[in-house]
Structures are given as structure tokens and as C-alpha cells.
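Residue-level structure breakdown
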Amino acid sequence: QVQLVESGGGVVQAGGSLRLSCTASGRTFSTYPMGWFRQAPGKDREFVASINLTGASTYYADSVKGRATISRDNAKNTVYLQMNSLKPEDTAVYYCASGWTTRMDLHSIRYWGQGTQVTVSS
């Protein structure tokens with residue numbers, strides 16, 4: 001069983017930045033793609049970004065492309081999501097995910113984190 005623990009959420013003004021972190025337990029972190037999803041109130045959970053085993057390949061949702069950067073440090077069992085130029089519509093609970101494939105969707109997730117709230121005020 002893998003545990004994913006997110007941190008770094010909070011309240012930020014529009015135009016600001018946040019860096020989310022997700023640390024995984026266990027020894028298999030570097031053998032699986034990692035990703036971030038988010039869920040706003042009343043909406044479905046949606047893909048945000050993902051990264052392959054080595055960090056060489058990344059994918060982003062159109063809604064965050066150019067404003068988000070996903071990265072990973074396999075030595076620290078940690079994946080990061082840097083979000084810049086935040087907008088009120090980025091407000092959501094952000095979930096870390098360990099996936100079976102780098103191109104992730106809701107059906108290709110091995111494990112979920114518990115989520116961290118990001119609130120962007122206008």
C-alpha cells in the first residue's frame with residue numbers, strides 16, 4: 001500500500017503562486033508516473049498535470065498550460081506542482097495521484113492522496 005501526502009495548499013490572491021508537494025511512502029515511487037488532479041465544488045475531478053518516471057515527459061490540461069509546472073524528485077519520493085498566475089477558477093481541492101500510465105485519466109490511477117485545498121481570491 002502506498003500513501004500519498006499532499007502539502008502546500010492555502011489561500012492566495014489572484015495572480016499569485018503556489019507550490020504543491022506530494023510525498024509518497026514506500027520504495028516504488030520512481031517506478032510509476034505521477035500526476036495531479038483537482039476537484040472544484042460541484043464539479044467532477046479533472047486532470048491537471050502528469051509526469052513520467054524520469055521527469056522527461058510531462059502533460060498538462062489546457063486550462064493550466066503555461067501556468068503550471070510538474071516535476072519530481074525520485075530521491076525524495078516527491079512530486080511537485082508549481083502554479084503561477086493563479087485565477088479564481090483554479091480554486092479546488094488538488095489531489096496527488098500515482099498512475100499506471102503517464103497520460104492519466106480517472107480510470108488509470110493506482111493511488112490517490114487525501115487532497116489539499118487551494119483557494120484563489122479575486
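Below is a short write-up of the structure. (Residues numbered from 1 in each chain as written. Predicted model: local features only at pLDDT ≥ 70, side-chain atom pairs only at ≥ 80, totals over all residues. Heavy atoms only, no water.)

A look at the pattern of salt bridges
Which entries qualify depends on this criterion: A carboxyl oxygen of Asp or Glu within 4 Å of a side-chain nitrogen of Lys or Arg is what we treat as a salt bridge.
Following the criterion strictly, the structure yields 4 salt bridges and no others. Of the charged contacts in the structure, one is a salt bridge between D62 and K65, with a shortest N-O distance of 3.2 Å.

Some words on unusual backbone geometry
This is how the line gets drawn: For the exposure calls, accessible area comes from a 1.4 Å probe over protein chains only, and a residue counts as buried if that area is under 20% of its type's maximum, exposed if over 50%, partly exposed in between.
For N77, which is not a glycine, the phi torsion comes out positive at approximately 55°. Using a relative accessible area of 17% as the deciding quantity, one classes N77 as buried.

As for the environment of T31
This is how the line gets drawn: Helix and strand assignments follow DSSP, with helices taken as H or I runs no shorter than four residues and strands as E runs no shorter than two, numbered in order from the N terminus. As used in this structure description, the phrase polar contact means that two N or O atoms lie within 3.5 Å; if the pair is within protein, one of them must be able to donate a hydrogen and the other to accept it, and residues adjacent in sequence are counted only when both atoms belong to side chains.
Assignment of secondary structure puts T31 in the loop between β3 (18–24) and β4 (34–39). Residue classification places T31 among the partly exposed residues on the basis of a relative accessible area of 43%. In sequence terms T31 and N74 are 43 residues apart; their C-alpha atoms lie 9.2 Å from each other. Here the side chain of T31 touches T28 through a polar contact of 2.7 Å, landing on its backbone oxygen.

Considering the sheet that holds strand β1 (residues 4–7)
Whether parallel or antiparallel, the strands of a sheet pair through hydrogen bonds between backbone atoms. Let me state the cut-off plainly: Strands were regarded as paired on the criterion that DSSP finds at least two bridges between them. Orientation is described by axes fitted as lines to C-alpha atoms, over the contacting stretch for helices, and by angles from 0 to 180 degrees between their N-to-C directions.
Spatially, β1-β3-β8-β7 is the arrangement adopted by the 4 strands of the open sheet, whose pairing is antiparallel. Two strands close off the open sheet at either side, each with one partner strand: β1 and β7 (68–73). For this sheet, the mean inter-axis angle between neighbouring strands, taken without regard to orientation, is 15°. Of the strand pairs in this sheet, β1 and β3 are connected by 4 bridges, and their pairing is antiparallel. Pairing of V5 across the sheet is with T23, part of β3.

Here's the deal with the state of the cysteines
Note the threshold: Cysteine sulfur atoms are paired as a disulfide whenever they fall within 2.5 Å.
If you walk through the whole model with that rule in mind, you get 1 disulfide. Disulfide pairing is shown between C22 and C96; the S-S distance is 2.1 Å. Across the S-S bond of C22 and C96 the torsion is about -75°, and the bridge reads as left-handed. With a gap of 74 residues between them, C22 in strand β3 and C96 in strand β9 (residues 92–99) connect regions that are remote in the sequence. In this structure, C22 and C96 share a single accessibility class: buried.

A closer look at the side chain of S98
In plain terms, the rule: Whether two residues are in contact is decided by their heavy atoms: any pair within 4.5 Å suffices.
With respect to the secondary-structure elements, S98 resides in strand β9. Apart from the residues lying within four places of it in its own chain, the contact partners of S98 are L4, Y32, P33, M34, I109, R110 and Y111.

A look at the environment of Y80
Positionally, Y80 belongs in strand β8 (residues 78–83). Judged by relative accessible area, Y80 falls into the buried class, the value being 13%. Between the alpha carbons of Y80 and T23 there is a distance of 8.9 Å; along the sequence they are 57 residues apart. Setting aside residues up to four positions removed in sequence, Y80 forms contacts with R19, L20, S21, W36, T69, I70, S71 and D73.

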